[in-house]
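Structure at a glance
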Amino acid sequence: MPTLTIHNPATGQVLDERAADDAASVAAKAGAARAAQAAWAATPLRERLSTIARFRAALVAELETLARTLTLEVGKPISQSRNELNGLLPRIDFFLAQTEAAIADEAVFDEGGMRERIGHVPLGVVANISAWNYPYFVGCNVIVPALLTGNAVLYKPSEFATLTGLHIARLLHAAGVPGPVMQTLVGSGEVGAALLGQRIDGLFFTGSHATGVKIAQALAPRLVKLQLELGGKDPTYVRADADARMAAESLADGAMYNTGQSCCSVERIYVHESLHDEFVGHFMAAVDAFKIGDPMAADTYLGAITRAPQLDVLDRQVADAKGKGATLLCGGHRLAGPGNWYAPTVFTNVDHAMELMREESFGPLIGIQKVRDDDEAVKLMNDTRYGLTAGVYSKDEATARALLARVNAGSVYWNCCDRVSPRLPWSGVGDSGIGLTLSTHGIRTFTRPKAWHLRQP
Ligand code: NDP
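Residues numbered from 1 in each chain as written. Predicted model: local features only at pLDDT ≥ 70, side-chain atom pairs only at ≥ 80, totals over all residues. Heavy atoms only, no water.

**Some words on the overall build of the chain**
Which entries qualify depends on this criterion: A run of H or I in DSSP becomes a helix once it reaches four residues, and a run of E becomes a strand once it reaches two; helices and strands are each numbered from the N terminus. As defined in this context, the radius of gyration uses C-alpha atoms, and a globule is described by 2.2 Å times the residue total to the power 0.38. Exposed residues in this analysis have more than 50% of their type's maximum accessible area, buried residues have under 20%, and partly exposed residues fall in between, with area computed by a 1.4 Å probe over protein chains only.
Looking only at helices and strands, the chain has 14 helices and 20 strands in total. What you see for the chain is a C-alpha radius of gyration of 23 Å, in line with the 23 Å of a compact globule of 457 residues. Taken over the C-alpha atoms alone, the chain extends approximately 75 × 60 × 40 Å along its principal axes. Out of the 457 residues belonging to the chain, those deemed buried represent 56%.

**Description of the environment of Glu159**
Heads up, the condition is: It only takes one pair of heavy atoms within 4.5 Å for two residues to be counted as in contact.
With respect to the helices, strands and loops of the structure, Glu159 is situated in the loop between strand 6 (152-156) and helix 6 (162-175). Take Glu159: its relative accessible area is 27%, and that puts it in the partly exposed class. Spatially, the C-alpha atom of Glu159 lies 7.8 Å from that of Ile6, the residues being 153 residues apart in sequence. Apart from the residues within four sequence positions on either side, Glu159 is in contact with Leu4, Gly187, Ser188 and Gly189.

**Here's the deal with the side chain of Ser262**
In plain terms, the rule: We define a polar contact as two N or O atoms separated by no more than 3.5 Å, with the added condition that, inside protein, one atom must be a possible hydrogen donor and the other a possible acceptor, whereas residues neighbouring each other in sequence contribute only through side-chain atom pairs.
As for its placement among the helices and strands, Ser262 is situated in the loop between helix 9 (244-256) and strand 11 (266-272). Residue Ser262 is classed as buried on the basis of its relative accessible area of 0%. Here Tyr134 takes part through its side chain, which lies 3.3 Å from a polar atom of the side chain of Ser262. When near neighbours in sequence (up to four residues on either side) are disregarded, Ser262 contacts Asn133, Tyr134, Tyr257, Phe362 and Asp418.

**Section: the packing of aromatic side chains**
Keep this limit in mind: Two rings from Phe, Tyr or Trp (for Trp, the six-membered ring) form a pair when their centres sit within 6.5 Å of each other. Planes less than 30 degrees apart are called stacked, planes more than 60 degrees apart edge-to-face, and all others tilted. In this analysis the charged atom, NZ for Lys or CZ for Arg, is taken to sit over a ring once it is within 6 Å of the ring centre and within 35 degrees of the ring normal.
This model, assessed by the stated rule, comprises seven aromatic pairs. Ring geometry for Phe94 and Phe95: centres 5.9 Å apart, planes at 70 degrees, overall edge-to-face. Summarising the aromatic geometry, the rings of Tyr134 and Phe137 are spaced 5.4 Å apart at their centres and angled 20 degrees between planes, so their arrangement reads as stacked. Phe137 shares its class with Tyr134; the two are buried. Members of the aromatic cluster, connected to one another through ring pairs, are Tyr257, Phe290 and Tyr301. Sitting over the ring of Phe137, Arg91 keeps its end group 3.8 Å from the ring centre.

**Points about the site of the ligand**
Short version of the rule: Any residue with a heavy atom positioned within 4 Å of a molecule or strand is treated as near that molecule or strand. Each accessible area is a Shrake-Rupley result for a 1.4 Å probe, and residues are judged covered by the shown protein chains and nothing else. Gly is put with the polar residues, along with every residue not named as nonpolar or charged; the nonpolar set is Ala, Val, Leu, Ile, Met, Phe, Trp, Tyr, Cys and Pro, and the charged set is Asp, Glu, Lys and Arg.
Near the ligand you find 30 residues, and of these Ser208, Thr211, Leu230, Glu360 and Trp426 are the closest. Contact between the ligand and Lys156: an oxygen atom at 3.0 Å from a side-chain N or O atom of the residue. Taking Thr211, its side chain carries an N or O atom lying 2.7 Å from an oxygen atom of the ligand. Surface burial for the ligand is 90%, taken as the share of its 910 Å² of free accessible area covered by protein chains. Mapped by element, the contributors of at least two residues to the shell around the ligand are helix 7 (189-196), strand 8 (202-206) and helix 8 (209-219). A total of three residues in the shell around the ligand trace back to one element, the largest contributor, which is helix 7. Class assignment for the residues of the shell around the ligand results in 13 nonpolar, twelve polar and five charged.

**Section: helix 10 (residues 276-288)**
Here is the rule: Under the convention used throughout, the expected extent of a helix is 1.5 Å for every residue step, that is, one less than its residue count. Think of it as the arc spanned by the lines of direction from the helix axis to the C-beta atoms.
The end-to-end C-alpha distance of helix 10, which contains 13 residues, comes to 18 Å, matching closely the 18 Å that a straight helix rising 1.5 Å per residue would cover. Of all the residues in helix 10, the buried ones are His276, Phe279, Val280, Phe283, Met284, Ala286 and Val287. Along the axis of helix 10, the buried positions cluster into a sector of 160 degrees, meaning they face one direction only. Seen from the buried face of helix 10, the exposed residues on the opposite side, beyond 90 degrees, are Asp277 and Asp288. On its buried face, helix 10 is in contact with strand 10 (234-238), helix 9, strand 11, strand 12 (327-330), strand 13 (345-348) and strand 14 (365-371).

So, in structure tokens, the structure goes:
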């Protein structure tokens with residue numbers, strides 16, 4: 001049996017070693033899930049709801065242990081690991097409250113003895129290949145509604161968040177989800193690739209654009225339902241009428257929270273020229289106040305870079321920006337190890353010839369660009385192959401909303417950023433992906449509509 005060695009990215013030390021899956025065990029798990037799914041779907045919804053409610057209670061009871069594990073394996077500051085777990089609870093509450101209505105039969109026609117109904121039936125066996133940066137969020141955005149709607153789940157957590165993935169499965173099993181209905185596949189991308197070869201009815205992926213494309217190509221001949229939640233290069237525009245200090249503090253947090261390793265991190269900032277210098281002053285004061293260091297310390301704000309290769313991406317973007325004339329205000333280099341560390345990095349005088357304004361940085365790196373007016377800001381915000389989120393800071397709601405209506409993004413923010421709500425669909429445009437999670441749409445996405453034509457004899 002292969003093994004997976006798990007490292008602490010903050011220290012480089014080995015944290016754990018786990019038995020990994022291979023092609024044979026992946027196939028066996030997929031077969032067991034297939035065999036068990038119908039019985040799970042036939043379980044009354046109220047029982048599935050009670051099971052997930054027990055899972056929620058277990059998360060609360062074990063919150064501190066779970067937060068510590070998450071911090072140890074991904075290098076996330078402990079306060080932010082707790083935030084992630086606490087943030088998961090209202091998502092679960094939303095699914096618990098909304099699933100019954102979302103998948104109820106719909107009577108859409110009744111005339112002359114002919115009735116038409118829309119039913120919502122589970123897809124069957126769904127695979128969830130997931131990222132490491134918010135493993136509770138991105139894992140459970142799929143797992144919880146998929147189970148509630150009667151699917152079996154084959155869950156491949158990122159190899160960088162394996163222990164958290166195993167915790168999620170353990171707690172679901174303890175809450176009453178049958179073992180074969182919820183299975184975790186342990187290992188690297190190869191295990192994810194082996195999963196694609198199984199008979200599955202849906203593939204729900206969260207991760208990079210590059211891997212998403214590989215998955216889409218692998219599944220294309222089999223026409224499996226596919227959702228891809230991918231990366232972004234999320235822009236924000238600070239208008240001339242914005243509160244510079246409020247915007248700067250909010251956006252510094254949006255750019256650096258989770259050490260910049262969020263799909264919806266603020267990755268590009270455009271500031272009206274009249275406010276630029278004041279904004280940058282407040283922004284730098286906010287970044288200076290962020291404490292970087294031991295992720296286990298209560299007051300740490302910036303933790304480790306989870307994947308070592310990302311350090312090369314950051315170095316490359318920094319060198320490219322410097323070479324093209326950007327002004328480096330802070331950082332721009334790795335910090336001494338052991339472990340993977342990068343100094344918070346802020347550039348001004350940037351433009352779209354630079355990689356850091358075009359490609360996902362996925363780290364504590366941000367460029368701030370001066371703009372002349374609203375039209376230039378909108379043009380630059382849309383000058384991207386991505387489209388996950390975008391924001392405008394302004395006192396004027398009507399103008400901000402009119403600008404945001406012109407921006408191609410799945411989610412738009414007025415005077416806020418880096419925010420996800422269980423009540424709203426989470427989706428991307430362009431290279432940020434296809435499909436969605438969350439909201440009632442993100443419940444129904446784990447079902448397929450079944451059309452009933454019923455004629456009274
Ligand atoms: P990756 O694309 O590297 O990995 C995602 C998952 O795919 C992992 O479980 C990985 O396994 C697996 N995988 C890798 N190769 C293959 C393959 N050939 N076939 C099947 N599965 C494979 O992304 P990261 O985990 O590094 O996540 C970061 C990315 O995720 C960023 O781009 C970020 O923006 C995006 N993201 C998007 C979100 C959204 O909602 N839109 C939310 C969160 C993150 P392993 O890790 O073991 O290699």
